[in-house]
Amino acid sequence: MQNEKIIVTGAGGQIGQVLLHALAERYGLQAVIATDIRPIPNWEGRFVTLNVLDRHGLEKLVEEQGTTQIYHLAAILSASGEKDPLMTWQVNMDGLLNILDTARDKGIERVFYPSSIAVFGAGIDLRQAGQDVPLIPSTVYGITKAAGENWGYYYYNRYGLDVRSLRYPGIIGYQSPPGGGTTDYAVDIFHYAARREAYTCFLESTARLPMIYMDDAIRATLDLMAAPKDQVRIRTSYNLSGMDFDPQELADSIREFVPDFKVNFVPDFRQAIAASWPQRIDDSDARQDWGWAPTYSLRSMTKDMLDHLEEKIASGQPTH
Ligand code: AKB
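Just so you know, these numbers come straight off a predicted model, no measurement behind them. (Residues numbered from 1 in each chain as written. Predicted model: local features only at pLDDT ≥ 70, side-chain atom pairs only at ≥ 80, totals over all residues. Heavy atoms only, no water.)

Student: Just give me the short version of the domain arrangement of the chain, but keep the residues and values in it.
Tutor: Entries for the chain in the domain assignment read domain 1 (6-171 + 211-239) and domain 2 (173-210 + 243-281 + 294-314). Listed per partner, the contact involves 31 residues of domain 1 and 35 residues of domain 2. Carbon and sulfur atoms supply 61% of the area that domain 1 and domain 2 bury against each other, a total of about 2700 Å² over both sides. The tally of links from domain 1 across to domain 2 stands at 0 salt bridges. Going through the elements one at a time, α1 (14-27), α3 (78-81), β7 (170-172), β9 (209-213) and α7 (214-226) are the ones with two or more residues in the side of domain 1 that touches domain 2. (Domains from an automatic or database assignment. Contact = heavy atoms within 4.5 Å. Buried area = accessible area lost by both parts, 1.4 Å probe. Salt bridge = Lys/Arg side-chain N within 4 Å of Asp/Glu carboxyl O. Helix = DSSP H or I, 4+ residues; strand = E, 2+ residues; numbered from the N terminus.)

Student: Now, about the packing of α1 against α7: what can you tell me, with residues and values included?
Tutor: Packing of α1 against α7 brings their axes to within 10 Å, and their N-to-C directions diverge by 55°. The angle between α1 and α7 places the two elements in the oblique class. The interaxial crossing formed by α1 with α7 has right-handed handedness. Along its contact with α1, which presents Q14, I15, V18, L19, A22, L23 and R26, the element α7 presents M214, I218, T221, L222, D223 and A226. The class makeup of the residues in the contact of α1 with α7 is 9 nonpolar, 2 polar and 2 charged. (Axes fitted to C-alpha atoms, helices over the stretch in contact; angles between N-to-C directions. Parallel < 35°, antiparallel > 145°, perpendicular 65-115°, else oblique. Left-handed = near helix turned anticlockwise from the far one by under 90°. Nonpolar A, V, L, I, M, F, W, Y, C, P; charged D, E, K, R; others polar.)

Printed below as a string of structure tokens:
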């Protein structure tokens, strides 16, 4: 995997901002090209303004750079997506098809496509979603992710394009703000706790969802992309999970370190989205096929989040 040239789309998003640094550490700063529609904070490497709907701009960049891999992160998430379903369809689907066509036509070796627990919905046992259950999503974001998984499968089978994908649960990290998702509460709550302010949660106290700590999510992504081709058996998208909890359990976990922390529950439209998603997902295929294993528990994640955010606050850095 030497001499990689890696383009990351949507690199200014929650995952992108962290993934960029992990890729730079693994492959060298020169190997990584961040793209987004706006500049990215704290990124020393190469940045190119790119809208994923601009097929010509994408092709030109891929060609000029001798690109070998694309991590296609640009997308509108579950809560924001409901505000304009057709635009979400356009950005998420046309963006993906531009990436897949360009990757096929320009000989890209590997494409990463993030899917989500939002692909699950009606018709399954939400207490634990298996790998191969029917996908009947409740949000337009979920519809685009389920369709996108199938497009990846199609390009792999029809054109031999090496597309790899994970169904991310909610991702929790101190490094970057989440943007427009239903699981965002699980990041926001830490910022309030670190500032010793009360938090108003937009989900019900019992809304259990699968989650993962950012470090684990990044490691899973890099491990999947580095796995030998014959170990990547699932070509739609792998279930992935680190832990699961509800907002009350998260608040209780935070109270171990911030005893006076107060949380109110004022559910909004995002509660219905959360209620349509599974409470847990079974990621045993990822464990078996390419050795996935999370390292963070609810407690160790809580401690790490608070430690980092409190350190940022003490040194006067913005915590978003
Ligand atoms: C969202 O809440 O929309 C995302 C996701 C689970 O895909 N974090």
